[in-house]
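# Observations on the model geometry
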Amino acid sequence: STAGIVKEKDGYLMLFRNDYGCTQPEWEAGKRFKGTNIGLARSRDGIRWTVDPEPSFELKQLRNEEFVRCYDPRITAMDGHYYVCFAVDTKHGVHGGICVTDDFKTYDILSISVPDNRNMVLFPEKINGEFVRLERPMPVYSRHNERFDIWLSRSPDLIYWGRSSLVLGTERVPWVNDKIGPTASPIKTEKGWLTLFHAVDRDENR
C-alpha cells in the first residue's frame, strides 16, 4: 500500500503501510483488516526489496489509547535524522503526525495535528529559517463532498505549525473531480521546488 522512500548512499529505505489479517477474497466477502502497522524494507537498486521481519512502527509504540491506526508514512532525511510524517486515525478524527528516528526502531513524536488533516510531507531543508510542510486538510462542510486541496504550513521547530496558505485547489486540476494530496518530499531544482501529488477522479455514474 502507501509507502515513503528515501535514498541512501548504498541504496534505498522504504517505510510502507501494512494492512494485515484479511485476504482479497475475504475483503470482497465483507471481512476487514485485523490491524495496520508500518514496515521497513531495504533495496540496493530500488527494484528488489528485502522486508524486515518485524514492524518498524506500530500503535503500541505511541502509548496513546486515543489512537486507533497509524499509516501512510512519508520519509524526509534532514540534518542527519529521518523525519516521518504519518496519518493516524483516532477516536475523534484523523490527524497528521510528525516523528523523528535515527534507527527506524525508536520514534519520537514531535507533533500531532488537529483533525482532520493528513498526507503531510516535509521539505528537506528549511526555507527562510523555517520548517515547511505540505498537507491536505479535509473540510467536509465548507468544500462539500471530498473537495480536498493541498496546503502549506510553516513551523519554527516542527512542533508548532501555522501561517498556512493554499497551494493547489482541486478546481485547478482538470482531471480531478474529488481530491488531491501531496505524495513525496519536494525536490529542489534550479527553477524551484518540484513536488508530485496524487489525485482522485471518481466515476460519478457508478
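Structure: above.
Here goes a summary of the coordinates provided. (Residues numbered from 1 in each chain as written. Predicted model: local features only at pLDDT ≥ 70, side-chain atom pairs only at ≥ 80, totals over all residues. Heavy atoms only, no water.)

So, on to the sheet that holds strand β11 (residues 150-155). Strand order in the open sheet made by the four strands is β9-β10-β11-β12, with antiparallel pairing throughout. The outermost strands of the open sheet, each flanked by one partner alone, are β9 (117-122) and β12 (162-168). Between one strand and the next, the sheet's axes are offset by a mean angle of 30°, whatever the strand orientation. Pairing analysis gives four bridges linking β9 to strand β10 (residues 131-137), with the strands arranged antiparallel. Residue pairing in the sheet places V121 in a bridge with L134 of β10. (Pairing = 2+ DSSP bridges. Helix = DSSP H or I, 4+ residues; strand = E, 2+ residues; numbered from the N terminus. Axes fitted to C-alpha atoms, helices over the stretch in contact; angles between N-to-C directions.)

The next thing to look at is the nonpolar core. If you look at the biggest cluster of nonpolar residues, it comprises 16 residues, and the most contacted ones within it are L15, F104 and Y107. Only β2 (11-20), β3 (35-43), β5 (67-78) and β6 (81-90) provide two or more residues apiece to this core. With four residues, β6 is the single largest residue contributor to this core. Non-local contacts of F104, meaning those with residues more than four positions away in its chain, are made with L13, L15, L40, S56, I75 and Y82. (Core = buried A, V, L, I, M, F, W, Y, C linked by side-chain atoms within 4.5 Å. Buried < 20%, exposed > 50% of the residue type's maximum accessible area, 1.4 Å probe, protein only. Contact = heavy atoms within 4.5 Å.)

Here we come to the environment of K191. Inspection of the secondary structure assignment puts K191 in the loop between β14 (187-189) and β15 (192-194). Assessed through its relative accessible area of 87%, K191 is described here as exposed. The sequence separation of K191 and V51 amounts to 140 residues, and the corresponding C-alpha distance is 37 Å.

What describes a pair of aromatic rings is the distance from one ring centre to the other and the angle between the planes of the rings. Applying the stated criterion across every chain yields a total of six aromatic pairs. Look at Y82 and F104: their rings are 4.7 Å apart centre to centre, the planes differ by 40°, and that puts the pair in the tilted class. Taken together, the positions of Y82 in strand β6 and F104 in the loop between β7 (93-101) and β8 (108-112) put the pair 22 residues apart, joining distant regions of the chain. The pair formed by Y82 and F104 is uniform in burial state, with each residue classed as buried. Measuring from centroid to centroid gives 6.4 Å for W175 and F197, while their planes differ by 15°, and the two rings are stacked. Of this pair, W175 sits in the loop between β12 and β13 (179-182) while F197 sits in strand β16 (residues 197-200), and the two are 22 residues apart along the sequence. Aromatic rings pair up to connect F57, F86 and Y107 into one cluster. Between R32 and the ring centre of W27, over which it is positioned, the NZ or CZ distance is 3.8 Å. (Phe/Tyr/Trp six-rings, centres within 6.5 Å; stacked < 30°, edge-to-face > 60°. Lys NZ or Arg CZ within 6 Å of the ring centre and 35° of its normal.)

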